[in-house]
Amino acid sequence: MRSVLPDLAPWRASRDFRRLWVSGLVSGFGSFLTFVALPVQIKELTGSAAAVGAIGAVELVPLLVFGLYGGALADALDKRKLIVRTEAGQGLLSAGLLLNALLPEPAVWPLYVVAALSSALVSVQRPALDSLWPRIVAHDHLPAAAALNSLRWTVGGVAGPAVAGVVVAYAGLGWAYGADLLTFVVSVVLVVRIAPSPASHAAGRPSLRAIAEGARYAWSRKELLGTYAVDLAAMFLAMPLAVLPFLADELDAEWSLGLMYAAVPAGALVVSLTSGWVSRVHRHGRMVVLSAALWGLAVAGAGLVHDVWLVLLCLTVAGGCDMVSGVFRGAMWNQTIPDELRGRLAGIELLSYSVGPTLGQVRSGAFAARWGVRASVWSGGVLCAGAVGLLALCLPALMSYDERTNEHARRMREGRAPAADAAAGDAQGPPEATWPDGP
């Protein structure tokens with residue numbers, strides 16, 4: 001069982017990892033409350049499906065604009081300060097939503113403004129957060145840390161929407177926004193207690209030139225380029241969430257819609273809870289390709305079978321495969337990218353795993369309108385598997401990647417070994433009753 005259960009080495013070794021992990025769990029749970037409450041409130045105020053769908057449109061532009069710039073900021077500024085300030089900004093936005101919800105006649109326009117500003121803050125924060133993990137976790141513990149971070153996300157992804165539905169239905173929108181505000185307060189208190197993380201001495205000032213430097217580095221690393229391309233293909237071609245309500249109708253199983261939405265994160269949760277094996281896998285590129293292709297085939301299966309329980313099984317398998325791909329992509333990024341470029345590359349990563357699902361919803365809806373719901377689902381899965389196979393052929397560096405022999409991974413491991421030992425000692429600190437070394 002110990003070889004299957006999650007590897008807790010990063011949790012035991014680094015107090016800063018524990019604080020940042022718990023901070024993300026708490027604020028992520030609160031964010032799921034708003035994720036559910038915001039479209040519900042727009043639906044109640046407008047009665048328009050188009051108005052609800054417009055949330056994605058107002059979030060996409062800030063994501064594209066601030067994702068790359070946020071990466072440049074993460075390389076040039078203290079990462080801890082950047083995370084604290086953006087987290088505090090998110091809390092202020094939740095307070096704005098709460099005040100608007102308490103008005104006798106809540107307005108609609110502030111909801112879109114908050115959605116856009118929140119997308120901008122997340123786009124600035126995520127590169128700083130993603131580039132901080134390699135500084136607070138030992139090099140050999142990074143795959144285990146990626147799995148633990150995935151566990152944190154999936155727990156929030158399964159529990160958050162479920163609790164949000166109950167809170168919104170029985171307590172009201174104000175309680176959901178208020179709880180989200182409280183989680184950001186707790187998160188800020190935790191993050192300010194981690195060690196400072198100043199900019200690398202080799203990092204340049206945030207500018208278009210700095211962003212272009214990061215893009216050139218990404219282009220020169222074909223194995224990294226492969227991880228971005230594979231994820232974009234998988235999410236763009238085989239993201240079925242937009243058509244699940246129509247699929248449930250076609251199966252005469254409207255009752256199953258909630259289970260369909262929960263199936264993908266549930267599959268990811270199963271993988272996260274049994275992730276002890278990931279630290280023993282060294283050919284990360286092959287795992288990225290294999291799991292992305294299996295994601296596509298599982299989605300195709302969901303479109304081909306006619307029994308609702310088999311559809312749920314296929315979606316669960318797809319979610320597990322997507323989580324495996326995410327874990328090994330994160331390990332490749334964290335173990336091979338130089339510290340002075342880590343923020344800018346994290347900005348590119350943000351676009352690769354955020355834009356794909358957004359555009360994938362558009363693709364699946366358009367295919368469904370033209371050829372039918374089931375054809376949209378199974379054809380997207382087949383196209384995904386084919387595209388991933390083609391990318392594997394075109395990018396042999398991705399398939400041959402081995403973290404034991406890759407020159408970039410070896411350079412990172414050798415370069416940070418002495419500093420990592422010292423940092424681990426500092427991060428451990430004296431025993432604290434609030435932060436046990438393990439369960």
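Structure first, text after, so check above.
What this report covers is the structure whose coordinates are included nearby. Fair warning: this is a prediction, and the values are worked out from it, not measured in the lab. Along every chain, residues carry numbers that run from 1 in the direction the sequence is written. Confidence filtering applies because this is a predicted model: local features only for residues at pLDDT of at least 70, side-chain atom pairs given and counted only at 80 or more, and all residues used for totals across whole chains, interfaces and linings. Remark: hydrogens and water are excluded; side-chain values derive from all non-hydrogen atoms of the structure.

### A few points about the overall build of the chain
Then, number 1: Runs of H or I in DSSP of at least four residues are treated as helices and runs of E of at least two as strands, each being numbered from the N terminus. Counting its secondary structure elements, the chain contains 17 helices and 0 strands.
Then, number 2: Between the two quantities, the radius of gyration covers C-alpha atoms and the globule rule is 2.2 Å times the number of residues to the power 0.38. A globule of 439 residues ought to have a C-alpha radius of gyration of about 22 Å, and the chain, at 21 Å, matches this closely.
Then, number 3: Exposed residues in this analysis have more than 50% of their type's maximum accessible area, buried residues have under 20%, and partly exposed residues fall in between, with area computed by a 1.4 Å probe over protein chains only. A total of 439 residues make up the chain; the buried ones form 52% of that total.
Then, number 4: Any two residues whose heavy atoms approach within 4.5 Å at even a single point are treated as in contact. Sequence-distant contacts in the chain: of pairs separated by 6 or more residues, those separated by 24 or more amount to 87%.
Then, number 5: Looking at the chain as shown, the accessible area adds up to about 19100 Å², and 70% of this sits on carbon and sulfur atoms.
Then, number 6: Note that His is not counted, nor are the chain ends; the positive residues are Lys and Arg, and the negative ones are Asp and Glu. For this purpose, a charge sits on NZ of Lys, CZ of Arg, CG of Asp or CD of Glu. Of the charged side chains in the chain, 33 are positive and 31 negative; the average position of the first set lies 6 Å away from that of the second. Every accessible area reported is derived by Shrake-Rupley at a probe size of 1.4 Å, with residue values counting cover from the shown protein chains alone.

### A word on unusual backbone geometry
Then, number 1: For Asp 252, which is not glycine, the phi dihedral falls at a positive 55 degrees.
Then, number 2: Structurally, the position occupied by Asp 252 is in the loop between helix 10 (244–250) and helix 11 (257–273).

### As for the packing of helix 14 (residues 342–371) against helix 15 (residues 373–394)
Then, number 1: Between N-to-C directions, angles span 0 to 180 degrees; the directions come from axes that are lines fitted to C-alpha atoms, helices contributing only their stretch in contact. Taken N-terminus to C-terminus, the directions of helix 14 and helix 15 make an angle of 130 degrees; their axes are 7 Å apart at the nearest point. In this view, helix 14 runs oblique relative to helix 15, as classed from their interaxial angle. Judged by the twist between their axes, the crossing of helix 14 over helix 15 is right-handed. Contacts between helix 14 and helix 15 involve Arg 363, Ser 364, Phe 367, Ala 368 and Trp 371 from the first element and Val 373, Ala 375, Ser 376, Ser 379, Gly 380 and Leu 383 from the second.
Then, number 2: Only Asp, Glu, Lys and Arg are considered charged in this grouping, and only Ala, Val, Leu, Ile, Met, Phe, Trp, Tyr, Cys and Pro are considered nonpolar; every other residue, Gly among them, is considered polar. Considering only residue class, the contact of helix 14 with helix 15 consists of 6 nonpolar, 4 polar and 1 charged. Any angle between 65 and 115 degrees counts as roughly perpendicular, while under 35 counts as roughly parallel, over 145 as roughly antiparallel, and the rest as oblique. Two helices crossing with the near one rotated counterclockwise from the far one by less than a right angle form a left-handed crossing, whereas a clockwise rotation gives a right-handed crossing.

### Quick notes on the nonpolar core
Then, number 1: By convention a nonpolar core is built from buried Ala, Val, Leu, Ile, Met, Phe, Trp, Tyr and Cys residues, the set being connected through side-chain atoms within 4.5 Å. Of all hydrophobic cores here, the largest spans 51 residues; its most connected members are Met 260, Trp 295 and Leu 315.
Then, number 2: Secondary structure elements with two or more residues in this core: helix 6 (142–170), helix 9 (222–238), helix 10, helix 11, helix 12 (284–304), helix 13 (308–336) and helix 15.
Then, number 3: Residue contributions to this core peak at 12 residues, all from helix 13.
Then, number 4: For Leu 315, the residues in contact, after removing those within four places along its chain, are Pro 240, Leu 244, Met 260, Ala 263, Val 264 and Ala 302.

### Brief notes about helix 5 (residues 109–136)
Then, number 1: By this rule, a helix spans an expected 1.5 Å times one less than how many residues it contains. When the terminal C-alpha atoms of helix 5 are compared, their 41 Å separation across 28 residues agrees well with the 40 Å that a helix rising 1.5 Å per residue should span.
Then, number 2: One fitted axis covers the seven residues ending at a residue, a second covers the seven starting there, and the bend at that residue is the angle between these axes. The largest bend in helix 5 amounts to roughly 25 degrees and is located at Gln 125, with the proline Pro 127 lying one to four residues further along.

### Thoughts on a negative patch on the surface
Then, number 1: Patch definition: residues above 30% relative accessible area lacking any salt bridge, with like charges linked at up to 9 Å and the nonpolar side chains Val, Leu, Ile, Met, Phe, Trp and Tyr linked at up to 5 Å. For this document, the term salt bridge refers to a Lys or Arg side-chain nitrogen within 4 Å of an Asp or Glu carboxyl oxygen. A cluster of like negative charges, contributed by Asp 249, Glu 250, Asp 252 and Glu 254, occupies part of the molecular surface.
Then, number 2: Position of Glu 254 relative to the elements: it lies in the loop between helix 10 and helix 11.
Then, number 3: With a relative accessible area of 48%, Glu 254 lands in the partly exposed category.

### Observations regarding the packing of helix 2 (residues 15–46) against helix 4 (residues 79–102)
Then, number 1: Closest axis-to-axis distance for the helix 2/helix 4 pair is 12 Å, and the angle between their directions is 35 degrees. In this structure, the crossing between helix 2 and helix 4 has a hand that is left-handed. On helix 4, the residues that touch Ser 27, Thr 34, Leu 38 and Gln 41 of helix 2 are Glu 87, Leu 97, Asn 100 and Ala 101.

### Focus: the packing of aromatic side chains
Then, number 1: Stacked, tilted and edge-to-face pairs are distinguished by plane angle, under 30 degrees for stacked and over 60 for edge-to-face with tilted covering the rest, among Phe, Tyr and Trp rings (Trp via its six-membered ring) whose centres lie within 6.5 Å. Under the criterion given, the structure shown has 6 aromatic pairs.
Then, number 2: Ring centres of Tyr 228 and Trp 333 lie 5.8 Å apart, and the angle between their planes is 40 degrees; on these two criteria the pair is classed as tilted. Linking Tyr 228 in helix 9 with Trp 333 in helix 13, this pair joins segments that are 105 residues apart in sequence. Trp 333 carries the same exposure label as Tyr 228, and that label is buried.
Then, number 3: Working rule: Lys NZ or Arg CZ, within 6 Å of ring centre, within 35 degrees of ring normal, means a charge sits over the ring. One residue, Lys 222, lies across the ring of Trp 219, its end atom 4.0 Å from the ring centre.
Then, number 4: Lying across the ring of Phe 367, Arg 363 places its NZ or CZ 4.5 Å from the centre.

### Remarks on the environment of Trp 109
Then, number 1: Relative to the elements of secondary structure, Trp 109 occurs in helix 5.
Then, number 2: Sequence spacing of Trp 109 and Val 308 is 199 residues, and the spatial spacing of their C-alpha atoms is 39 Å.

### Some points on the pattern of salt bridges
Then, number 1: Scanning all chains against the criterion turns up 9 salt bridges.
Then, number 2: Of the charged contacts in the structure, one is a salt bridge between Asp 75 and Arg 344, with a shortest N-O distance of 2.7 Å. Here Asp 75 is found in helix 3 (residues 49–76), whereas its partner Arg 344 is found in helix 14, with 269 residues between them in sequence. We note that Asp 75, like Arg 344, is buried.
Then, number 3: Here Arg 342 makes a salt bridge to Glu 349, at a shortest N to O gap of 3.2 Å.
Then, number 4: Taking the relative accessible area as the measure of exposure, Glu 349 reaches 1% and is therefore buried.
Then, number 5: Salt bridges linked by common partners bring Asp 75, Glu 213 and Arg 344 together as one network.

The values are spatial; any link to function lies outside them.
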